[in-house]
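# Chain and residue survey
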Amino acid sequence: MALFKSSTRSIPNVDDVPRHVAIIMDGNGRWATSRMLPRVAGHAKGVDTVREVVEACASRGVQFLTLFAFSSENWRRPADEVSMLMRLFVSALEREVDKLARNGIRLKVVGDLQAFEPRLRELIAAGVEKTAGNDGLTLTIAANYGGRWDVLQAMRALLEKRPELAANPEAIGEDELAGHLAMAYAPEPDLFIRTGGEQRISNFLLWQLAYTELYFTDKFWPDFDAQALEQAFESFRMRERRFGQTSAQVAASS
Ligand code: IPE
Ligand code: IPE
Ligand code: MG
C-alpha cells in the first residue's frame, strides 16, 4: 500500500538539505513600518531577499523552492497596496526571468491566475515557457494561491476528467486527488519556513504540508538571508521525521 508515498518519509542524512523548501515570506510591512517607511518599501526590499534565497537554495542543491507571494486573502488589503504588489510582481518578472533562464532555474507559478491583469498573465506564461526546459532548481511562486482553492480545483479537475467517479466516490484515492493539485509536479515540502513571527499556515499548501517540518523565525522577510536560511536547514537536520512510526522503528530502518 502506498501509505508512505511521500518522497520525504526517510530521515535525511545529517548533511542533507531539504529537497523541497516552502516559504511564507512574511513581515515586509512591519519591516518597513519599523523604519518609518511605507509598507511598499518592505515589499520592494523583499524582492532582494527572494533573489538571495533563490541563489542560496540553488547553490545548496535544493530541488524545489516554493514561495508564497500573494494569498487568495491578500485581495482584502487596501487597493493601493494590492496594485503596488502587482506592479512589483510585473517588474520582478521583467527583470529576473532572463537570469533565471540562464541559471538553469525552472519557474512555475501556481494559483488562480485568472484574477490577474493580462500583462502580468503574459509575463508569467512567457517566464514559465522560457524556463520550462531547465533542470536546476524549480522555483514556484504561489500567487493568488489558497490551499483550500487548490484542493477544490483538484477535485473539480478530477471529476471533470473522470465524471464516472462522482457515482463511485470510494474509488477516489489520495493519489487521484493529489495528482490534480497545482503542485502535482513536486514532492511534498520537507521544510516549511515562515518569517515575520506569526505561527500559522495562512491557507498555504494545506494538503502538502501534512508531514512537513515547520520552522518559524521572528526575522522579517527583508532581513532574512542565506545565513538565516542555513539556520533553518540546521534546525531541519536536527529533526527526526517519524511519519507515525516510533523512534526505534525509524532508527532500525535507517
Ligand atoms: C508579506 O509581508 C508579503 C505579502 C503578504 C504580500 P506582509 O505584507 O504581510 O508584512 P506584514 O505581515 O504586514 O509585516
Ligand atoms: C501570508 O501572509 C501570505 C503571503 C506571505 C503571501 P499574510 O501576512 O497575508 O498572512 P496573514 O493574513 O497575516 O495570516
Ligand atoms: Mg503579513
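Here we summarise the structure given alongside this text. (Residues numbered from 1 in each chain as written. Chains lettered and ligands numbered in written order. Predicted model: local features only at pLDDT ≥ 70, side-chain atom pairs only at ≥ 80, totals over all residues. Heavy atoms only, no water.)

### Things to note about the side chain of Arg 106
Applied cut-off: The numbering of helices and of strands both runs from the N terminus, where a helix is a DSSP run of H or I of at least 4 residues and a strand a run of E of at least 2. Any two residues whose heavy atoms approach within 4.5 Å at even a single point are treated as in contact.
On the secondary structure map, Arg 106 appears in strand 3 (residues 106–110). Setting aside chain neighbours within four positions, we find Arg 106 in contact with Phe 64, Thr 131, Ala 132, Asn 134, Leu 137, Thr 138, Leu 139 and Tyr 185.

### Topic: the layout of surface pockets
As a reminder of what qualifies: The distinction between a cavity and a pocket rests on a 1 Å grid over the protein atoms alone: a 1.4 Å probe fits inside a cavity but cannot get out, while a pocket stays open yet meets protein on both sides within 12 Å along at least five of seven lines, and a residue with an atom within 4 Å of a point counts as lining. Grid points are joined across faces, edges and corners, and a volume is the space filled by probe spheres set on the points.
Considering only enclosed or pocket space, the largest pocket measures out at about 1000 Å³ in volume. Lining the largest pocket are 45 residues, with Met 25, Asn 28, Phe 68, Ala 69 and Phe 70 positioned closest to its centre. Mapped by element, the contributors of at least two residues to the lining of the largest pocket are helix 1 (28–33), helix 2 (39–60), strand 2 (64–71), helix 3 (79–102) and strand 4 (138–145). Tallying contributions element by element places helix 3 first for the lining of the largest pocket, with ten residues.

### With respect to the site of ligand 1
Defined as follows: Throughout, near means a residue has at least one heavy atom within 4 Å of the molecule or strand. Throughout this description, a polar contact denotes any pair of N or O atoms lying within 3.5 Å of each other; where both atoms belong to protein, one of them has to be capable of donating a hydrogen while the other can accept it, and for residues adjacent in sequence the pair is counted only when both atoms sit in side chains. Accessibility throughout is a Shrake-Rupley quantity obtained with a 1.4 Å probe, and a residue counts as covered only by protein chains that appear here. For a cavity or pocket, the test is whether more than half of a molecule's atoms lie within 2 Å of its grid points; if they do, the molecule sits there. Under the convention adopted here, Pro, Cys and the residues Ala, Val, Leu, Ile, Met, Phe, Trp and Tyr are nonpolar, Asp, Glu, Lys and Arg are charged, and Gly plus all remaining residues are polar.
As a structural note, the neighbourhood of ligand 1 is formed by Met 25, Asp 26, Gly 27, Asn 28, Gly 29, Arg 30, Arg 39, His 43, Ala 69, Asn 74, Arg 77 and Leu 85. Interatomic distance of 2.7 Å between a side-chain N/O atom of Arg 30 and an oxygen atom of ligand 1. Protein coverage of the free-state accessible area of ligand 1, which is 380 Å², stands at 87%. In this structure the site holding ligand 1 corresponds to the largest pocket. Those elements giving two or more residues to the shell around ligand 1 turn out to be helix 1 and helix 2. A per-element tally of the shell around ligand 1 places helix 1 first, with three residues. Class assignment for the residues of the shell around ligand 1 results in three nonpolar, five polar and four charged.

### Examining helix 2
Our working rule: Helix span is expected to be 1.5 Å times the residue number reduced by one.
Over its 22 residues, helix 2 runs 31 Å from end to end, which matches the ideal 32 Å to within 8%, given 1.5 Å per residue. The inward-facing, buried residues of helix 2 contact strand 1 (20–24), helix 1, strand 2, helix 3, strand 4 and helix 7 (226–238). Looking at the residues trailing helix 2, positive phi occurs at Gly 61, about 85°.

### Here's the deal with the pattern of salt bridges
Note the following rule: Here, a salt bridge means any side-chain nitrogen of Lys or Arg that lies within 4 Å of a carboxyl oxygen of Asp or Glu. Whether a residue is buried, partly exposed or exposed follows from its accessible area with a 1.4 Å probe, protein chains only, as a fraction of its type maximum: under 20%, in between, or over 50%, in that order.
Going through the model one piece at a time under the given rule, you end up with 19 salt bridges. A salt bridge links Glu 213 to Arg 241; the shortest N-O distance between them is 3.7 Å. Taken together, the residues span a long stretch of sequence, with Glu 213 in strand 6 (residues 213–216) and Arg 241 in the loop between helix 7 and helix 8 (247–253) at a distance of 28 residues. Overall, Glu 213 belongs to the buried group, its relative accessible area being 15%. Through salt bridges that share partners, Asp 26, Arg 30, Arg 194, Glu 198 and Arg 200 make up one connected network.

### Looking at the site of ligand 2
Neighbouring residues of ligand 2: Ile 24, Met 25, Asp 26, Phe 68, Ala 69, Phe 70, Ser 71, Asn 74, Arg 77, Arg 194, Arg 200 and Ser 202. The side chain of Asn 74 places a nitrogen or oxygen atom 2.8 Å from an oxygen atom of ligand 2. Here Arg 77 contributes a side-chain N or O atom positioned 3.2 Å from an oxygen atom of ligand 2. For ligand 2, whose free accessible area comes to 390 Å², the fraction covered by protein is 79%. Its atoms largely coinciding with the cavity grid, ligand 2 occupies the largest pocket. Ranked by residues supplied to the shell around ligand 2, first place goes to strand 2 with four residues. When the residues that make up the shell around ligand 2 are grouped by side-chain class, the tally is five nonpolar, three polar and four charged.

### Structural notes on the packing of helix 3 against helix 4 (residues 118–131)
Filter applied, for reference: Axis angles are defined between N-to-C directions and span 0 to 180 degrees, where every axis is a line fitted to C-alpha atoms and, for a helix, only to the segment in contact. To sort the angles, those under 35 degrees are grouped as roughly parallel, those over 145 as roughly antiparallel, those from 65 to 115 as roughly perpendicular, and the leftovers as oblique. The sense of a crossing depends on the near helix, which, turned anticlockwise from the far helix by less than a right angle, makes the crossing left-handed and, turned clockwise, makes it right-handed.
Relative to each other, helix 3 and helix 4 sit at 15°, their axes nearing to 10 Å. Taken together, the axes of helix 3 and helix 4 are roughly parallel relative to one another. Along this stretch, helix 3 crosses helix 4, giving a crossing that reads as left-handed. The residues of helix 4 that touch helix 3, namely those facing Met 86, Phe 89, Val 90, Leu 93, Glu 94, Val 97, Asp 98, Leu 100 and Ala 101, are Arg 119, Leu 120, Leu 123, Ile 124, Gly 127, Lys 130 and Thr 131. The residue makeup of the contact of helix 3 with helix 4, split by class, is ten nonpolar, two polar and four charged.

### Brief notes about the environment of Met 86
Mapped onto the elements of the fold, Met 86 is located in helix 3. Judged by relative accessible area, Met 86 falls into the buried class, the value being 14%. Measuring from C-alpha to C-alpha, the distance between Met 86 and Ala 248 comes to 50 Å, with 162 residues separating the pair along the chain. Residue contacts for Met 86: discarding those within four places in its chain leaves Phe 70, Trp 75, Phe 116 and Leu 120.

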